[in-house]
Amino acid sequence: MAEAHSAVAFSFSITHEGWDVNFDREVLHLVWASGIRSWKKRLARFKNNVRNGVFPAPLQSLWAMMGIVLALRYANNNFIKYTDTILQYLPGTSYVWQIVSCFILSLTFWLILIYIVRYTFKLLLMYKGWMYESRGGQKVSLKTKLWGLGIKLLSSKSKPLLYSYQGSLPKLPLPPVNETMKRYLKSVRPLMNDSEYESMIKLANEFENGIAVKLQRYLWLKSWWSSNYVSDWWEEYVYLRSRTPLIVNSNFYGTDAIMLHSTPIQAARAAMIIWQCLQYRRLIERQELEPIRVQGLVPLCSWQYERIFNTTRVPGAVSDKIVHYNDSRHIVVYHAGRYFKVIIYSQNRILHPCEIEEQIQSILDNTEKPYVGEEKVAALTAADRTHWANTRTQYFFKGINRQSLDAIEKSAFVVTLDEVPYEYDPENSKKLDEFGRILMTGKGYDRWFDKSFTLCIGSNGRVGFNAEHSWADAAVMSHLWEFIIFDEAEKSGADAPVMGHLWEHFLCGDLVVGYQENGHTKGAPELEPPKPIRLQWNLEPVLEAIEKSYQVSLALINDIDLRILAFNDYGKGFMKTAKVSPDAFIQMALQLAYYRDAGKFSLTYEASMTRLYREGRTETVRPCTLESSTWVKSMLDPNVDINKRINLLREACATHQRGYQDAMCGKGIDRHLFCLYVVSKYLEVESPFLNKVLSEPWRLSTSQTPHGQTTQFDLKKFPNCISAGGGFGPVANDGYGVSYIIAGENLVFFHISSKKSSPHTDSNRFAVRIKEALNDMKSLYDDWTRSTKNVSS
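Residues numbered from 1 in each chain as written. Predicted model: local features only at pLDDT ≥ 70, side-chain atom pairs only at ≥ 80, totals over all residues. Heavy atoms only, no water.

Chemist: Help me understand the pairing of strand β13 (residues 453–457) in this model?
Modeler: Walk down a regular strand and you will see the side chains alternate between the two sheet faces. Of all five residues in β13, five are buried; the element is thus mostly enclosed. With four bridges joining them, strand β12 (residues 414–417) and β13 adopt parallel strand pairing. Each bridged residue has a counterpart across the sheet, and for threonine 416 the counterpart in β13 is cysteine 456. Taking the sense of rotation as the criterion, the β-α-β connection linking β12, helix α16 (residues 429–441) and β13 turns out right-handed. With five bridges joining them, β13 and strand β14 (residues 463–467) adopt antiparallel strand pairing. The partner of threonine 454 across the bridge, within β14, is asparagine 466. Hairpin connection of β13 to β14: five residues between the antiparallel strands, including glycine 461 at a positive phi of 95°. (Buried < 20%, exposed > 50% of the residue type's maximum accessible area, 1.4 Å probe, protein only. Helix = DSSP H or I, 4+ residues; strand = E, 2+ residues; numbered from the N terminus. Pairing = 2+ DSSP bridges. Right-handed = clockwise from strand over helix to strand, strands pointing away.)

Structural data, given as structure tokens:
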């Protein structure tokens, strides 16, 4: 094979005339360049690790300390004894060795000072009182003001790298069992009648006074020993040991900025987004991506960013594993049932957008047919994990199947060039529904569901992604997506949904990136980009296994009911005037909508993050509370007056916000109970209480898509630039999955999913309920405002 021949750098043979050596200079040059690049990355990594290890102190402070010690050495006779003590252990006493002794003493003092500063900084980050205090400065305590001043003083002298704060972040605290029990019992009260609640209290007391003492002891030991007592078990038991298909059940999706349409040319938009992803990857590799800080002060854990690229989930018979590669010089592109390996580096640089466009266009122009089984091979990644693991071991262990599988799994990410457009029409909501459905599931075989993410490009140039969930949470992918969308808008200098906007920026010397007036990428190729390499397959023996997986994924696709509601009657602007948290406002609307839809309350899941702590991921907020249920019932009772309803709503929102704050500060309910359950399984001890708690279905699973994570984010400057958000499948077969994004002052997107097979759910009906609930809440505030004014006048 030509590929195999060109891969040989040199060969030799022995003849009667001596040694006969042949070598390929081009291949040897590539090997040399690859080695140089690898060593440069190692040196850069080492330098960054040193900077992170001494943060928040700058490295220059070492030389300042050296200067102080030298000055004291030659200006203060009493100080000489310290350097002379070190000098005794050195080979000589010359002037050079005196300087060396001063350096050793400087380094010792400096490291002690660094340790004190870092530990002080860590102690300051442990304080969470600021979380519960009102913003705006009027109700901020003196303690919090002094704390903020301390944070600023310690962290303002050195510019942080992406991972600079990791060593200073505190560990997730382990809450006492009795506090978790109190919170749990209070959270389930509105879901149970009196007899059920009394039974649950009895189970909780038996657990708290019995086996919980032993389980908590083991969990305390883990919390003391490990970086985070939850995250590794959460990743292992919730994600990697799950045997259910990834499609619908685990993977999530994100959409384009639907009000903008930069170019209708598929190859051009694909090239630009690929290039931007690679720029983002470079920022992560160099740790130049700015770490997120809440209120510009408190850092969030950046641990999850490491696995955005070059990462795949590898199936196992019992448990999957996440494999991350340090580097990848290629991506894999899927189009019309065929896979191509696309090299994205040449001559020691990332290819320019115009060069990548050439590569993508050559794939679109390629008329070759897929190999037997190639078109649907990715269905194996969508369906049952054990089936995929066994198939992988049997048919993808060696040969060309293994080579092609390695190319996909070791790629930076996968790109799918879809043959259908992604459409948005404000007058036709079904087009946006179809947009989301394509990104969520595709055809069941045209996304590589194991990869950290698959970049999806519509035939009309709109984009989206499908992401695997085990390696990180949605907030990390939304950060990447926000970077891409706002980077484009910022460089364009305009914000209007027309083609032909130019956007320029010099990132690589004189490189100008952007779109020409004809929609193609700007610039002319400086080199001939490497041609895409068609991946080879021998899948005839695997056809039955592929078809089996495809039928599983097809059944899930046909059963999913997705509705995307663009609510534009009002948005964050009005919610702020109501003086409640926008998130709490929407959660109360969801409670009212669900009660009207189901005729009862249900256990509700809202994801919050715990990234204020090292290696933090998520915690559960339970929006269905005593206060929220009381308010919902008041909305359905015509005898309750407006003032009462307003007061109950504010109480419900305040309770929800406090629960969200508790979850972020490590005082949640569900992760603690989950870890106690894992310990009980290790000890082979049965707990009726834990079994009941962890078997309760989350019939209403919700999540807010975060935004505003990058410094480019500016909705006032670019009001049409925000993504429509993304979504996920329902957690329970008879429940709803609701993701929402507060897209601006007057726009909220809701992604509502459910199962068609369930007689109890209907996504379109629930969307109507949500809209009714939001409008009723607006009417409630309007009526209350008018009545208040009338009383005043």
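Chemist: What is the right way to look at the sheet that holds strand β22 (residues 747–755) in this model?
Modeler: Sheets are built from strands that pair by backbone hydrogen bonding, the pairs being arranged parallel or antiparallel. The six strands lie next to each other as β16-β22-β21-β19-β17-β18, forming an open sheet whose pairing is mixed. Where the open sheet ends on each side, the last strands, each with one partner, are β16 (560–567) and β18 (618–621). Across this sheet, the average inter-strand angle for adjacent strands is 20°, counted without regard to direction. The pairing of strand β17 (residues 604–609) with strand β19 (residues 700–704) spans three bridges and is parallel. Following the sheet pairing, glutamate 606 is matched in β19 by threonine 702. The strands touched by helix α18 (residues 543–559) are β16 and β22; relative to β16, the strand with the most contacts, the crossing angle is about 40°. Its contacts with the sheet place helix α20 (residues 582–598) against β17, β19, β21 (736–744) and β22, and it is angled at close to 145° to β21. (Axes fitted to C-alpha atoms, helices over the stretch in contact; angles between N-to-C directions. Contact = heavy atoms within 4.5 Å.)

Chemist: Explain the environment of leucine 592 to me, please; I cannot follow it from the model alone.
Modeler: Within the secondary structure, leucine 592 is located in helix α20. Classification of leucine 592 as buried rests on a relative accessible area of 0%. The contact partners of leucine 592, leaving out residues within four places of it in the chain, are Trp631, Val632, Met635, Leu636 and Ala773.

Chemist: What's the story with the packing of aromatic side chains in this structure? I'm lost.
Modeler: To describe a pair of aromatic rings, one takes the distance between the centres and the angle between the planes. According to the stated counting rule, one finds 38 aromatic pairs in the structure shown. Ring centres 5.0 Å apart and planes at 80° place the aromatic pair phenylalanine 55 and tyrosine 165 in the edge-to-face group. Remark: tyrosine 165 occurs in the loop between α6 (142–155) and α7 (177–188) and phenylalanine 55 occurs in the loop between α2 (25–54) and α3 (60–75); sequence separation between them is 110 residues. Just as phenylalanine 55 is buried, tyrosine 165 falls in that class too. Judged by centre distance (6.4 Å) and plane angle (75°), the rings of phenylalanine 396 and tryptophan 537 are edge-to-face. Residue phenylalanine 396 is found in the loop between α14 (385–395) and α15 (399–409), and its partner tryptophan 537 is found in the loop between β15 (533–534) and α18; the two are separated by 141 residues along the sequence. Using a relative accessible area of 1% as the deciding quantity, one classes phenylalanine 396 as buried. You can call tryptophan 537 buried: its relative accessible area is 7%. Every member of this aromatic cluster is reached through a ring pair, and the members are Tyr334, Tyr339, Trp388, Phe396, Trp448 and Trp537. Over the face of the ring belonging to tyrosine 550 we find lysine 376, whose NZ or CZ atom lies 4.2 Å from the ring centre. (Phe/Tyr/Trp six-rings, centres within 6.5 Å; stacked < 30°, edge-to-face > 60°. Lys NZ or Arg CZ within 6 Å of the ring centre and 35° of its normal.)

Chemist: Just to check I follow, could you spell out empty space enclosed by the protein for this structure?
Modeler: Tallied over the entire structure, the rule returns three cavities of 30 Å³ or more. Taken as a whole, the second largest cavity spans an internal volume of roughly 100 Å³. For the second largest cavity, the lining is made up of 17 residues, of which Leu172, Val230, Thr610, Glu619 and Arg671 are closest to its centre. Of all elements in the fold, only α10 (231–240), β18 and α23 (670–682) reach the threshold of two or more residues within the lining of the second largest cavity. The class makeup of the residues in the lining of the second largest cavity is six nonpolar, eight polar and three charged. (1 Å grid on protein atoms, 1.4 Å probe; cavity = no way out; pocket = protein on both sides within 12 Å on 5 of 7 lines; lining within 4 Å. Points joined across faces, edges and corners; volume = space filled by probe spheres on them. Nonpolar A, V, L, I, M, F, W, Y, C, P; charged D, E, K, R; others polar.)

Chemist: Would you mind showing me how to read the pattern of salt bridges here?
Modeler: Any two side chains of opposite charge can pair, so long as their charged atoms come close to each other. All told, the structure shown has 36 salt bridges when counted by the stated rule. One salt bridge in this structure joins arginine 534 and glutamate 368, with 2.5 Å as the shortest N-O distance. On the criterion of sequence distance, the pair formed by arginine 534 in strand β15 and glutamate 368 in the loop between α12 (353–365) and α13 (379–382) is long-range, its members being 166 residues apart. Among the residues examined, glutamate 368 registers a relative accessible area of 43% and is labelled partly exposed. For arginine 765, the salt bridge identified is with aspartate 597, shortest N-O distance 2.6 Å. (Salt bridge = Lys/Arg side-chain N within 4 Å of Asp/Glu carboxyl O.)

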